[in-house]
Amino acid sequence: MLRSFSNKAIATKARAMYGARVTQADYEELMKKRTVGDAAAYLRDNTHYREVLGQIDPAAIHRGQLENMLRSLRYVQYQRLIAYDFGQQQLYYYIYRWDELQQLTALLRYLSGRGQGQAAGQYDFHYDQRLAGHTSYDLTGLVQVKSYQELVAFLGDSPYGKILRRFPPDTSGQIDLMGCERALSAYYYSCQLSIVNKELKGEARADLKERFYQRIDEENLTQAYRLKRFFHSDPQYIRQSLLPFPTRSGKLLGAIVDAGDLQQVHAALAKAGLMDEGTELEGDFIERAMLRRRAKASKRDLRGASCPPVVLRAYMTQMSIELENIINIIESVRYGLPVDEMRRMLVL
């Protein structure tokens, strides 16, 4: 009974918090601002970001500080919601698990670039302090890592360490970044699906598993498109690079993988409703197409999903999309981009 009550409380609170979201009218006002400080002042005075911006001086804040403070609201809201989880269900902690994975991925990208031989904390890699106390490894220790070998030793016999030991750098020291990222993501999704199977039953189990499979599909579609468009990879290599899970978008994914040229790829995406004729293909086109797909699905879940973990997931998805919209606007204001150009970047 207690677990049932806490689940319902989470869903009710998430829907109420969604009601305080940044609106399209707010976006329009933000796009009219001339400086980052003006945008910060508007967010502080007119939106739920006042909770993390209440003490700022808009005239003194710079872009990096503002973005960091805006990102903190995601954790504030997430922690507020899972505080209702009296049963301490692991299925609600998927964001912590995802974010700790992203920290490892960020470090791997750093090491595969110019970081070998230098302590990560000395240069470009910095851990997210908001994750402190919520990771399965010593988060502060990451900044002392100087090489792939040190990272593997640091992670020890943990699942992450065992995964990375399967991908030793080649004789020149090159890290198989794509292989590492694929294996780490596959581990994450396998764990989450296992937790869902353990903690939920019936329709609730099926509903939440379906949301994870949808996200897996989005990652695979994005990977296949990017390998096809930017690297001209062959079908066999693309298939080997995808997450190894059942796909809900098999027909579309197959059309992308087997397409003879980019025109056929775009025709398949258009048929699936993921791009319009004449779409300008920026470098991040496929990511935005998937984000729009995700936004539509999460709005639908916020309106009508009956499974509380699905509702929480939908709310957190909307928070992430809202944050990306705001950061894109702030960047655009900083560089003086026209409002029409900013508007095209919004995911609503």
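If you're wondering where the values come from, they're calculated on a predicted model, not measured in any experiment.

A. Structural view of the overall build of the chain. When its secondary structure is counted, the chain shows 16 helices and zero strands. When the backbone C-alpha atoms are referred to their principal axes, the chain occupies close to 55 × 50 × 50 Å. When contacts within the chain are restricted to residue pairs at least 6 apart in sequence, those whose partners lie at least 24 apart make up 64%. As displayed, the chain offers around 17200 Å² of accessible surface, 49% of which is attributable to carbon and sulfur atoms. Side chains of the chain give 48 positive and 41 negative charges; the mean places of these two sets differ by 5 Å.

B. Focus on the side chain of D26. In this structure, D26 sits in helix α2 (residues 24-31). Here D26 occupies a buried position and makes no salt bridge, while the nearest side chain of opposite charge, R50, is found at 8.2 Å. Excluding residues within four positions of it along the chain, D26 makes contact with R21, Y42, N46 and T47.

C. Summary view of the pattern of salt bridges. Applying the stated criterion to the full structure yields 19 salt bridges. Notably, a salt bridge pairs K32 with E29, separated by 3.4 Å at the nearest N-O pair. The exposed category is assigned to K32, whose relative accessible area is 54%. For E29, a relative accessible area of 30% translates into the label partly exposed. Taking the shortest distance from any N to any O, the salt bridge between R294 and E218 comes out at 2.6 Å. Note that R294 is positioned in helix α14 (residues 285-304) and E218 in helix α10 (residues 202-230), a separation of 76 residues in sequence. E218 gets classed as buried once you look at its relative accessible area, which sits at 6%.

D. Inspection of the packing of α10 against helix α15 (residues 308-334) at higher detail. Between α10 and α15, the least distance of the axes is 8 Å, while the angle of their chain directions is 30°. Accordingly, the angle class assigned to the pair α10 and α15 is roughly parallel. Our pair here, α10 against α15, has a crossing hand that is left-handed. Touching D207, L208, R211, F212 and R215 of α10 are P309, V310 and R313, all from α15.

E. Seen up close, the packing of aromatic side chains. Evaluation of the coordinates by the stated rule reveals 11 aromatic pairs. Ring geometry for Y137 versus Y160: centroids 6.1 Å apart, planes at 70°, classification edge-to-face. With a gap of 23 residues between them, Y137 in the loop between α6 (94-115) and α7 (148-155) and Y160 in helix α8 (residues 159-164) connect regions that are remote in the sequence. Residue class for Y160 comes out buried when judged on its relative accessible area of 6%. Their ring planes at 75° and their centres at 5.7 Å tell us that Y160 and Y187 sit as a pair that is edge-to-face. Taken as a pair, Y160 in helix α8 and Y187 in helix α9 (residues 177-199) lie far apart in primary sequence, 27 residues in all. Chaining the aromatic ring pairs together yields one cluster made of Y75, Y78, Y93 and Y96.

Conventions used here
Residues numbered from 1 in each chain as written. Predicted model: local features only at pLDDT ≥ 70, side-chain atom pairs only at ≥ 80, totals over all residues. Heavy atoms only, no water. Helix = DSSP H or I, 4+ residues; strand = E, 2+ residues; numbered from the N terminus. Contact = heavy atoms within 4.5 Å. Areas by Shrake-Rupley, 256 points an atom, 1.4 Å probe, with all protein chains shown as cover. Lys, Arg positive; Asp, Glu negative; His and termini not counted. Charge placed at Lys NZ, Arg CZ, Asp CG, Glu CD. Buried < 20%, exposed > 50% of the residue type's maximum accessible area, 1.4 Å probe, protein only. Salt bridge = Lys/Arg side-chain N within 4 Å of Asp/Glu carboxyl O. Axes fitted to C-alpha atoms, helices over the stretch in contact; angles between N-to-C directions. Parallel < 35°, antiparallel > 145°, perpendicular 65-115°, else oblique. Left-handed = near helix turned anticlockwise from the far one by under 90°. Phe/Tyr/Trp six-rings, centres within 6.5 Å; stacked < 30°, edge-to-face > 60°.

The values are spatial; any link to function lies outside them.
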